[in-house]
Amino acid sequence: MMRPKATALLVDLDGTLRRWDAAVIHGIEAAHDLKPGALYQAALDWSRLMPAIIGEITHDEWADVIAAELADQTGDPDRARAAVKEWEQYRGSVEPGLLALIRDARAAGIKVGLATNATDLLPADLRTLGLVDEFDAVINSSELRIPKPAPEYFGAACLALHTPPRNVLFIDDSERFVLGARAAGLAAYRWTGPENLPYIRAALNLA
């Protein structure tokens, strides 16, 4: 049976709409005598990340936990705090082709939601990135207190767009989250880069 046409779009933020330049991160690590990858390893460890993305701790509290972990590794708390502070000041950049697609989709009457596992810093990030007015809904795990890829997360996202799951297309760079969305009844496509834009435009019947 043919799947119904998508009338709403859910887009992930980090690694999808927002790009992070690894060279910038590695430069910060090198400047503070940290091993390459140390910041992400400390930040994205699930035991430290989960409380921040379900709203149990604030972004600032999460940053303190990261700095403490790095201090344990390096033996230099001041340098660890300085590295984390500099890392936090870098907020990435927007993928222009995907932003143009989002704008075209909304102009065509397709509802667009931002679906992200994020801390309470998200509203400030959206202002910094110039994305405040680009979505019909923002589904932030730390406000919902449920993370992707929980079925309840996707259910809440579809409700926010007033669209049944079968009519929603979800775009994310994580295979795990894509599979979770499909299990919840959404169409889902894994983002690997701007080369995906023609497929997504075709799926949404955008010229």
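Moving on: the pattern of salt bridges. A full pass over the atoms with the stated rule returns 13 salt bridges. Put simply, D125 and R91 hold a salt bridge, and the shortest N to O gap is 2.8 Å. Taken together, the residues D125 in helix α7 (residues 122-129) and R91 in the loop between α5 (77-89) and β3 (93-94) connect sequence positions 34 residues apart. Notably, a salt bridge pairs D172 with K148, separated by 2.7 Å at the nearest N-O pair.

Let us look at the packing of helix α4 (residues 59-74) against α5. At their nearest, the axes of α4 and α5 sit 8 Å apart, and the two run at 135° to each other. By the angle between their directions, the pair α4 and α5 is classed as oblique. Helix-helix and strand crossings are classified by hand; for α4 and α5 the assignment is right-handed. Contact with α4, carried on its side by H59, W62, A63, I66, A67, L70 and A71, involves P77, A80, R81, V84, W87 and E88 of α5 and no other residues of that element.

Okay, the nonpolar core next. Of all hydrophobic cores here, the largest spans 28 residues; its most connected members are L9, L17, L98, L101, L131, L169 and L204. When residues of this core are traced back to their parent elements, those giving at least two are β1 (8-11), α6 (96-107), β4 (111-116), α7, β6 (168-172) and α11 (197-203). At 5 residues, the largest contribution of residues to this core is made by α6. Core analysis: the second largest hydrophobic core is formed by 22 residues, I25, A42, A63 and A71 among them.

Glancing now at a negative patch on the surface. There is a patch of like negative charges on the surface, built from D60, E61, D64, D120 and E143. Considering the arrangement of structural elements, one finds D64 in helix α4. Its relative accessible area of 54% is what places D64 among the exposed residues.

Let us now look at unusual backbone geometry. A cis amide bond, omega 5°, links K148 with the succeeding residue P149. Inspection of the secondary structure puts P149 in the loop between α8 (141-144) and α9 (151-160). Phi is positive for R145, which is not a glycine, with a value near 65°. Tracing the sequence through the fold places R145 in the loop between α8 and α9. With relative accessibility at 52%, the residue R145 sits in the exposed group.

Okay, the packing of helix α3 (residues 46-53) against α4 next. Direction vectors running N to C along α3 and α4 enclose 170°, while the axes themselves pass 10 Å from each other. In terms of orientation, α3 lies roughly antiparallel with respect to α4. Seen from α3, the contacting residues are R48, L49 and A52; seen from α4, they are W62, V65 and E69. The residue makeup of the contact of α3 with α4, split by class, is 4 nonpolar, no polar and 2 charged.

What counts and how
- Residues numbered from 1 in each chain as written.
- Predicted model: local features only at pLDDT ≥ 70, side-chain atom pairs only at ≥ 80, totals over all residues.
- Heavy atoms only, no water.
- Salt bridge = Lys/Arg side-chain N within 4 Å of Asp/Glu carboxyl O.
- Helix = DSSP H or I, 4+ residues; strand = E, 2+ residues; numbered from the N terminus.
- Axes fitted to C-alpha atoms, helices over the stretch in contact; angles between N-to-C directions.
- Parallel < 35°, antiparallel > 145°, perpendicular 65-115°, else oblique.
- Left-handed = near helix turned anticlockwise from the far one by under 90°.
- Contact = heavy atoms within 4.5 Å.
- Core = buried A, V, L, I, M, F, W, Y, C linked by side-chain atoms within 4.5 Å.
- Buried < 20%, exposed > 50% of the residue type's maximum accessible area, 1.4 Å probe, protein only.
- Patch = residues over 30% accessible without salt bridge, like charges linked within 9 Å, V, L, I, M, F, W, Y side chains within 5 Å.
- Areas by Shrake-Rupley, 256 points an atom, 1.4 Å probe, with all protein chains shown as cover.
- Lys, Arg positive; Asp, Glu negative; His and termini not counted.
- Charge placed at Lys NZ, Arg CZ, Asp CG, Glu CD.
- Nonpolar A, V, L, I, M, F, W, Y, C, P; charged D, E, K, R; others polar.

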